[in-house]
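Structural features, examined
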Amino acid sequence: MQTPFDNTLDELIKAAPSCNGLAVALSGGVDSMVLLQLVHNYANRAKLPLCAVHIHHGLSANADAWLTFAQQQCTRQNITLFSRKVTLSSAKRKGVEAKAREARYRAIDELTPKGHAILLGQHQDDQVETFFLRLKRGAGVKGLGAMKALSVWHQRVLFRPLLTFSRAQLELWANDHGVEHIHD
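I will try to describe carefully the structure that is included in this document. Not measured: the values here are computed from a predicted model. (Residues numbered from 1 in each chain as written. Predicted model: local features only at pLDDT ≥ 70, side-chain atom pairs only at ≥ 80, totals over all residues. Heavy atoms only, no water.)

1. Focus on the overall build of the protein
When helices and strands are counted, the protein shows six helices and six strands. Along the protein, helices and strands appear, N-terminal first, in the series α-β-α-β-α-β-α-β-α-β-β-α. A total of about 10,200 Å² of accessible surface is found on the protein, and carbon and sulfur atoms cover 52% of it. (Helix = DSSP H or I, 4+ residues; strand = E, 2+ residues; numbered from the N terminus. Areas by Shrake-Rupley, 256 points an atom, 1.4 Å probe, with all protein chains shown as cover.)

Spelled out as structure tokens, the structure:
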């Protein structure tokens with residue numbers, strides 16, 4: 001998995017020449033922990049700065065433990081971790097998940113060093129789920145399009161280098177390589 005991942009990340013970085021570092025959006029779940037390990041291996045070889053960003057929503061009774069887990073994992077690998085506890089908007093028209101996503105993306109953007117691309121742990125299974133959610137909501141042709149491996153959000157480069165891997169592949173890789181993770 002490391003070699004195809006490295007090849008994908010090479011291509012993404014070439015397509016975003018202003019990228020001078022990498023920041024992993026780290027929840028602590030299997031997808032973000034596998035991403036962190038793969039990126040850590042890549043960044044060491046490529047001599048690129050790496051950090052992780054964890055956002056504490058306070059929506060789960062486990063949120064404090066998840067933050068502690070992220071801190072411990074990053075400390076063990078000598079990866080700088082930026083974290084923030086966020087408060088969700090009180091807007092009544094939006095659901096909790098939409099509010100959490102907005103708060104998370106805003107905080108990640110604010111915490112990530114300028115010039116660093118933000119890497120998200122979305123994978124093949126997330127692509128399928130996103131398609132069906134958009135279909136259910138009545139999205140048009142453009143809205144039904146797949147998530148892109150490279151996108152820009154508020155002038156910030158986002159990479160999704162795991163889109164070619166299934167969740168099962170990530171779980172197998174985590175098990176084979178002793179990657180600890182939480183169940184979020």
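Past the structure itself, the notes keep going.
2. Details of the nonpolar core
In terms of nonpolar packing, the biggest core is built from 36 residues, with L9, L22 and F159 touching the most fellow members. Those elements that place two or more of their residues in this core are α1 (2–15), β1 (21–25), α2 (30–46), β2 (50–56), α3 (63–76), β4 (116–119), β6 (156–159) and α6 (167–177). The element best represented in this core is α2, accounting for nine residues. Contact partners of L9, with chain neighbours within four places excluded, come to L22, Y42, L119 and F159. Formed by 14 residues, the second largest nonpolar core is a distinct cluster that contains V53, Y105, I108 and L120. (Core = buried A, V, L, I, M, F, W, Y, C linked by side-chain atoms within 4.5 Å. Buried < 20%, exposed > 50% of the residue type's maximum accessible area, 1.4 Å probe, protein only. Contact = heavy atoms within 4.5 Å.)

3. Here's the deal with unusual backbone geometry
Positive phi outside glycine occurs at K47, with the angle close to 60°. With respect to the helices and strands, the residue K47 is situated in the loop between α2 and β2. Positive phi values are uncommon outside glycine, yet Q155 reaches one of about 65°. Position of Q155 among the secondary structure elements: in the loop between β5 (150–153) and β6.

4. Things to note about the side chain of Q73
For Q73, the location among the structural elements is in helix α3. Note on Q73: relative accessible area 6%, which makes it buried. The contact partners of Q73, leaving out residues within four places of it in the chain, are M33 and E180.

5. A short note on the pattern of salt bridges
Scanning the model with the defined rule gives eight salt bridges in all. The partner of E11 in a salt bridge is K14, and the shortest N-O contact between them spans 3.7 Å. Here E11 and its partner K14 are both found in helix α1, three residues apart, which amounts to about one turn of the helix. The exposure class of K14 is exposed, given its relative accessible area of 61%. One salt bridge in this structure joins D109 and R156, with 3.0 Å as the shortest N-O distance. Taken together, the residues span a long stretch of sequence, with D109 in helix α4 (residues 96–111) and R156 in strand β6 at a distance of 47 residues. Pair check on accessibility: D109 and R156 agree, each one buried. (Salt bridge = Lys/Arg side-chain N within 4 Å of Asp/Glu carboxyl O.)

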